[in-house]
Structure formats: C-alpha cells, structure tokens
Amino acid sequence: MGNLFGRKKQPATRITEQDKAVLQLKQQRDKLKQYQRKIEQNLEKERSVAKQLLKNGKKDKAIVLLKKKRYQEQLLKNTDGQLENLEKMVDEIEFAQIEMKVVEGLKVGNESLKKMHEVRNTNSDLVNTLDDLSWLNCPGCATLDWVHK
C-alpha cells in the first residue's frame, strides 16, 4: 500500500550535447528575430522622421537618416543570412540524431537476425543428427521421421 500513496519516480531524462546545442541555436535564433524586429521598428520611425524633415526643408538631415536606413537594411540582410545558417544547423543536428537512432535500430535488428540464424543452425544440426539416426530400424524411428518432417 505504500506505493499507492507514494510519489512515482520520474524517469531520468538524458540531455545530450546535441540537445544542448540545438537549444542554444534556437535561443540564438530567437535573439536574432528579436533584433530584426527592433531594426524594422527603427526603420519605420526613421522613414517617417525623414519625410517630416524633407517637408520642413531639412534635406541634409533627411539624407543622413536615409543613409542610416540603408545601413540598417544591410544589417537586416545579414541577419537573414545568419538566421538561415542557424536553421540549417538545427536541421542538420536533428537529422543526425534521427540517423543515429536508425543506425541503433539497425544494429539491434542485425543482432536479432544473428541470434535467429544461430537458432536455425542449431535446428539444422538437430535435423542432421536425426538423419544420421534414421538408418536405425527401431520403434522410435517412426517418431524421428515424424519430427523431421
């Protein structure tokens, strides 16, 4: 009855180095996306400010803001490239983990087949032994023929 009210033990989770790497890559991806949103918001603000400056006749300041805008757009392109690289790395790591599981499954299947072949060879040895005994004419030979078939 102690087990009825006792706490169940949680199975131990194994966190591998690959899991940690994937987590870090995903965290970095999230930070890059947040950075992109920040840059995009700044771009919108600076566009509107540049329009206001042009309306007010402050062309020089508007040009400086437009140059800054062009630089930030270049940053966005670089960030997009980094995001693609991060996502590719995550996909490759996850695929490698799946491949490892497949290889482990193949190993288990191979071992199982080897054991089955050993049992089969043992059975064929038994049949060969029964064939060797078939030359005897004894009352048990009929039973041996029946087992052989």
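Residues numbered from 1 in each chain as written. Predicted model: local features only at pLDDT ≥ 70, side-chain atom pairs only at ≥ 80, totals over all residues. Heavy atoms only, no water.

Draft legend 1. Region of the structure containing the overall build of the protein chain. Each helix and strand in the protein chain was counted, giving four helices and zero strands. For the protein chain, the sequential pattern of α-helices and β-strands runs α-α-α-α. For the protein chain, buried positions account for 14% of its 149 residues. Of the contacts made within the protein chain by residues no fewer than 6 positions apart, 69% connect residues no fewer than 24 positions apart. (Helix = DSSP H or I, 4+ residues; strand = E, 2+ residues; numbered from the N terminus. Buried < 20%, exposed > 50% of the residue type's maximum accessible area, 1.4 Å probe, protein only. Contact = heavy atoms within 4.5 Å.)

Draft legend 2. Spatial organisation of a negative patch on the surface. Residues Glu 40, Asp 80, Glu 84, Glu 87, Asp 91 and Glu 92 make up a contiguous surface patch of negative charge. Ranked by residue count, the leading element in the negative patch is helix H3 (residues 59-133), at five residues. Considering the arrangement of structural elements, one finds Glu 84 in helix H3. A relative accessible area of 55% places Glu 84 in the exposed class. (Patch = residues over 30% accessible without salt bridge, like charges linked within 9 Å, V, L, I, M, F, W, Y side chains within 5 Å. Areas by Shrake-Rupley, 256 points an atom, 1.4 Å probe, with all protein chains shown as cover. Salt bridge = Lys/Arg side-chain N within 4 Å of Asp/Glu carboxyl O. Lys, Arg positive; Asp, Glu negative; His and termini not counted. Charge placed at Lys NZ, Arg CZ, Asp CG, Glu CD.)

Draft legend 3. Local environment of the layout of surface pockets. The space that makes up the largest pocket amounts to roughly 200 Å³. Lining the largest pocket are Arg 14, Thr 16, Gln 18, Asp 19, Gln 97, Met 100, Lys 101 and Glu 104. With four residues, H3 is the single largest residue contributor to the lining of the largest pocket. Partitioning the lining of the largest pocket into residue classes produces one nonpolar, three polar and four charged. (1 Å grid on protein atoms, 1.4 Å probe; cavity = no way out; pocket = protein on both sides within 12 Å on 5 of 7 lines; lining within 4 Å. Points joined across faces, edges and corners; volume = space filled by probe spheres on them. Nonpolar A, V, L, I, M, F, W, Y, C, P; charged D, E, K, R; others polar.)

Draft legend 4. Looking closely at the environment of Arg 47. Following the sequence through the fold, Arg 47 ends up in helix H2 (residues 17-55). Residue Arg 47 is classed as partly exposed on the basis of its relative accessible area of 30%. Separated by 19 residues in the primary sequence, Arg 47 and Leu 66 place their C-alpha atoms 7.6 Å from one another. When residues no more than four places from it in sequence are discounted, the contact partners of Arg 47 are Lys 69 and Glu 73.

Draft legend 5. Local environment of the pattern of salt bridges. Inspection of the entire model under this criterion finds eight salt bridges. For Asp 30, the salt bridge is made with Arg 29, and the minimal N-O distance between the two is 3.4 Å. Residues Arg 47 and Glu 44 are paired through a salt bridge, measuring 2.6 Å at the closest nitrogen-oxygen approach. Of this pair, Arg 47 and Glu 44 both sit in helix H2, three residues apart, which is roughly one turn of the helix.

Draft legend 6. Structural context of H2. The end-to-end C-alpha distance of H2, which contains 39 residues, comes to 57 Å, matching closely the 57 Å that a straight helix rising 1.5 Å per residue would cover. Within the sequence span of H2, burial applies to Val 22, Leu 25, Leu 32, Gln 36, Ile 39, Leu 43, Glu 46, Ala 50 and Leu 53. (Expected span 1.5 Å × (residues − 1).)

Draft legend 7. Quick peek at the confidence of the model for the protein chain. With 76% of its residues at a pLDDT of 70 or more, the protein chain shows a mean pLDDT of 82. Averaged pLDDT values for the elements of the protein chain fall to 52 in helix H4 (residues 141-148) and rise to 90 in H2. (pLDDT = per-residue confidence, 0-100.)

Draft legend 8. A look at the side chain of Gln 97. By the secondary structure assignment, Gln 97 is in helix H3. Not counting the four nearest positions on each side in its chain, Gln 97 is found in contact with Thr 16, Gln 18 and Asp 19.

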